[in-house]
Amino acid sequence: MKPWEKISVSAAGNMVFGGCDCIELVKEYGTPLYVLDERVVREVCRGFDSALRGAGAQGRVYYASKALSTTALYRIIEQEGLGIDVVSGGELYTAQNASFPGERIVFHGNNKTPDELRMAVEYGVGCIVIDSHEEIGTLADIARDCRKTVRVSLRVKPGIEAHTHEFVLTAIDDCKFGLGLYDGEARLAVKEILTRKELKLIGLHCHIGSQIFEKEPFFIAADRLTDFALSIKKDLDTEIKEISFGGGFGIMYTEKDAEAEPYEFIGEMVEALYKNCDEKGLPHYDFCIEPGRAIVGEAGITLYTVGTVKRVPGVRTYVSVDGGMGDNPRHMLYGSEYTAKLVNKPTAAATETLAIAGRYCESGDILIKEAKLPPCQAGDVLAVFSTGAYNYSMASNYNRVPIPAMVLVNEGKHAQIVKRQSYEQLIENDTMAPWQK
Ligand code: LLP
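1. Some words on the pattern of salt bridges
Tallied over the entire structure, the rule returns 28 salt bridges. With a shortest N-O distance of 2.7 Å, Glu-80 and Arg-42 are connected by a salt bridge. With a gap of 38 residues between them, Glu-80 in the loop between helix 3 (71-79) and strand 6 (83-86) and Arg-42 in helix 2 (residues 38-54) connect regions that are remote in the sequence. Residue classification places Arg-42 among the buried positions, given a relative accessible area of 15%. Salt bridges sharing partners connect three or more residues here, namely Asp-141, Arg-144, Arg-196, Lys-197 and Glu-198.

2. Quick look at the site of the ligand
Close to the ligand lie 18 residues; Gly-248, Glu-290, Arg-293, Arg-330 and Tyr-390 are nearest. A distance of 3.4 Å separates an oxygen atom of the ligand from a polar side-chain atom of Lys-66. Here an oxygen atom of the ligand and a side-chain polar atom of Tyr-390 are 2.6 Å apart. Its free accessible area being 580 Å², the ligand has 87% of it covered by the protein chains. Its residues assigned to classes, the shell around the ligand shows five nonpolar, seven polar and six charged. Here the shell around the ligand spans two domains, since at least three of its residues come from each of domain 1 (3-30 + 299-426) and domain 2 (38-292).

3. Quick word on the sheet that holds strand 10 (residues 160-164)
Pairing is mixed in the open sheet, where three strands are placed in the order 11-10-14. Each edge of the open sheet is held by one strand with a lone partner, namely strand 11 (166-169) and strand 14 (209-212). Shown here is a sheet whose adjacent strand axes are inclined to one another by a mean of 20°, direction ignored.

4. Looking at the packing of aromatic side chains
By the definition in use, this model includes 11 aromatic pairs. Relative to Tyr-263, the ring of Phe-48 has its centre 5.5 Å away and its plane inclined at 75°; by these criteria the two rings are edge-to-face. You can see Phe-48 sitting in helix 2 and its partner Tyr-263 sitting in the loop between strand 15 (242-244) and helix 9 (266-279), a full 215 residues away along the chain. Aromatic side chains Phe-249 and Phe-265 sit 6.2 Å apart centroid to centroid with 50° between the ring planes, which places their arrangement in the tilted category. One end of the pair, Phe-249, is in the loop between strand 15 and helix 9; the other, Phe-265, is in the loop between strand 15 and helix 9, and 16 residues separate them in sequence. Under the relative-accessibility criterion, Phe-249 is labelled buried at 2%. For the cation-ring pair, Lys-112 lies above Phe-107, with the distance from its terminal atom to the ring centre recorded as 6.0 Å. If you follow Arg-359 out to its NZ or CZ, it ends over the ring of Tyr-360, 6.0 Å from the centre.

5. Here we look at the environment of Gly-314
With respect to the helices, strands and loops of the structure, Gly-314 is situated in the loop between strand 17 (300-312) and strand 18 (316-321). For Gly-314, a relative accessible area of 88% gives the class exposed. For the pair Gly-314 and Ala-186, spaced 128 residues apart in the sequence, the C-alpha separation amounts to 57 Å.

6. A look at the packing of helix 3 against helix 4 (residues 89-97)
Packing of helix 3 against helix 4 brings their axes to within 8 Å, and their N-to-C directions diverge by 65°. In terms of their interaxial angle, helix 3 and helix 4 are classed as roughly perpendicular. Here helix 3 runs over helix 4; the crossing is right-handed. On helix 4, the residues touching Thr-71, Tyr-74 and Arg-75 of helix 3 are Glu-91, Thr-94, Ala-95 and Asn-97. A per-class count over the contact of helix 3 with helix 4 returns two nonpolar, three polar and two charged.

7. Quick notes on the sheet that holds strand 2 (residues 15-17)
Overall, antiparallel pairing links the three strands, which are arranged 1-2-3 in an open sheet. Each edge of the open sheet carries a strand with a single partner, namely strand 1 (8-9) and strand 3 (20-21). With two bridges joining them, strand 2 and strand 3 adopt antiparallel strand pairing. Counted as the bridge partner of Val-16 is Asp-21 from strand 3.

8. Brief notes about a nonpolar patch on the surface
A cluster of nonpolar residues, Val-312, Val-315 and Tyr-318, forms a patch on the protein surface that exposes about 240 Å² of accessible area. Inspection of the secondary structure assignment puts Val-315 in the loop between strand 17 and strand 18. When its relative accessible area of 59% is taken as the criterion, Val-315 is described as exposed.

9. Things to note about the confidence of the model for the protein chain
The pLDDT averaged across the protein chain works out to 97; a share of 100% of its residues lies at or above 70. Per-element averaging of pLDDT across the protein chain places strand 11 at the bottom with 84 and strand 4 (residues 33-37) at the top with 99.

10. Describing the side chain of Ser-65
Assignment of secondary structure puts Ser-65 in the loop between strand 5 (59-64) and helix 3. The buried category is assigned to Ser-65, whose relative accessible area is 0%. Side-chain polar atoms of Ser-65 contact the side chain of Glu-91, separated by 3.5 Å. The contact partners of Ser-65, leaving out residues within four places of it in the chain, are Tyr-74, Asp-85, Val-86 and Glu-91.

11. Comments concerning the domain arrangement of the protein chain
Its domain assignment divides the protein chain into domain 1 (3-30 + 299-426) and domain 2 (38-292). With centres defined by C-alpha atoms, the gap from domain 1 to domain 2 works out at 33 Å. Listed per partner, the contact involves 20 residues of domain 1 and 17 residues of domain 2. Of the charged contacts, one joins Arg-39 and Glu-411 as a salt bridge, the two residues approaching to 3.7 Å between their closest N and O atoms. On inspection of domain 1 and its partner domain 2, the count reaches nine residue pairs in polar contact (both at pLDDT 80 or more). Where the side of domain 1 that touches domain 2 is concerned, the elements lending two or more residues are strand 23 (405-410) and strand 24 (413-418). The element contributing the most residues to the side of domain 1 that touches domain 2 is strand 23, with four residues.

Conventions we followed
- Residues numbered from 1 in each chain as written.
- Predicted model: local features only at pLDDT ≥ 70, side-chain atom pairs only at ≥ 80, totals over all residues.
- Heavy atoms only, no water.
- Salt bridge = Lys/Arg side-chain N within 4 Å of Asp/Glu carboxyl O.
- Helix = DSSP H or I, 4+ residues; strand = E, 2+ residues; numbered from the N terminus.
- Buried < 20%, exposed > 50% of the residue type's maximum accessible area, 1.4 Å probe, protein only.
- Near = heavy atom within 4 Å.
- Polar contact = N/O pair within 3.5 Å; in protein donor to acceptor, adjacent residues only side chain to side chain.
- Areas by Shrake-Rupley, 256 points an atom, 1.4 Å probe, with all protein chains shown as cover.
- Nonpolar A, V, L, I, M, F, W, Y, C, P; charged D, E, K, R; others polar.
- Domains from an automatic or database assignment.
- Pairing = 2+ DSSP bridges.
- Axes fitted to C-alpha atoms, helices over the stretch in contact; angles between N-to-C directions.
- Phe/Tyr/Trp six-rings, centres within 6.5 Å; stacked < 30°, edge-to-face > 60°.
- Lys NZ or Arg CZ within 6 Å of the ring centre and 35° of its normal.
- Parallel < 35°, antiparallel > 145°, perpendicular 65-115°, else oblique.
- Left-handed = near helix turned anticlockwise from the far one by under 90°.
- Contact = heavy atoms within 4.5 Å.
- Patch = residues over 30% accessible without salt bridge, like charges linked within 9 Å, V, L, I, M, F, W, Y side chains within 5 Å.
- pLDDT = per-residue confidence, 0-100.

Here it is as structure tokens:
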């Protein structure tokens, strides 16, 4: 079902999300407000996990927590039995704060610092995904210092770039992540890893894009990664245990996006992997994926208060809200599109086409260029859908605007899981040079 069709209407005539009247939420927590529906997050986690088990695969679903990282969310993911992918000391620290078990964490990044690597080794993360030649020596030295053997996987570039309904195949990816399958770099990295007894190579990893609705690019990835697994088995006598296909599963932002469960083709992906393994005489590897957006994207909405409505005759009408690029930079960065509804008039006919603008000092600070809505006025509350992923996690303090609060809702219950930033917090790290005093 489309996220904006999942809502209901309260007795007071307001939009209900996660069982909560959104106007009541706004009265209690203010706007802008991120709202995350726990039930939806849990359902998607279970959907991915059971798709994987149903296909007879061993392996794990790792939630890519760059999409949204908070202590409360890590708790939910932990309870659902998933693993997580972290990409920084900060994400790892937050996971530690949630007591997330180290063995269910994979650590990614094309330039992890030595301090971050040490932190990961000390916490005992289950796997560190090697992304460069330099990292091999640095990590092995840290592991030796800590007297540990570290399980590593290698991120490779399979020459597939997928986005929405398009994908391109190339021999050489022009991309900062991973090591090339076809230019000898990945093979060289395997050789380097094998020289370090502190490192145990357990798998291969690729991430081919984002907001993908097609299964073919994943099938091609399965073919290419198993080819490589076969070649290192033959030539370097190295047997891996798992293959990870990263994330990228698409969600619905607007009517233009396909309406499908993001885990719908996991079964076919597993089948494609194992068919390749059988044909190439390889064992059935553990199958891993790292969905980020698909787990939290549709579970989140953002509530804003309309402040001004400015008509530019013959051009467009700008409806300005109290948030914008600081809490959701995705339209500015990628031209991303969203769907909105008026919380206090959820059933009114959408007779107008309006530009939803933010409050930041940038002309490009737009959330939705052409939103279909009923007439808007100051004081209305607007809900933007599918903002659970890459909104809070990419928020900034531009214009020194505090980052909004986040509320977790679940069948009528609600609780704050991220407090609204205060002005005091904004200046917390400001200091002055001694000569200014
Ligand atoms: N695994 C790896 C190694 C990744 O690099 C990513 C995303 C994921 C998993 C999760 O991908 P997802 O399932 O969420 O598509 N800020 C952008 C998205 C950047 C994604 C980067 N890597 C956006 O707002 O669209």
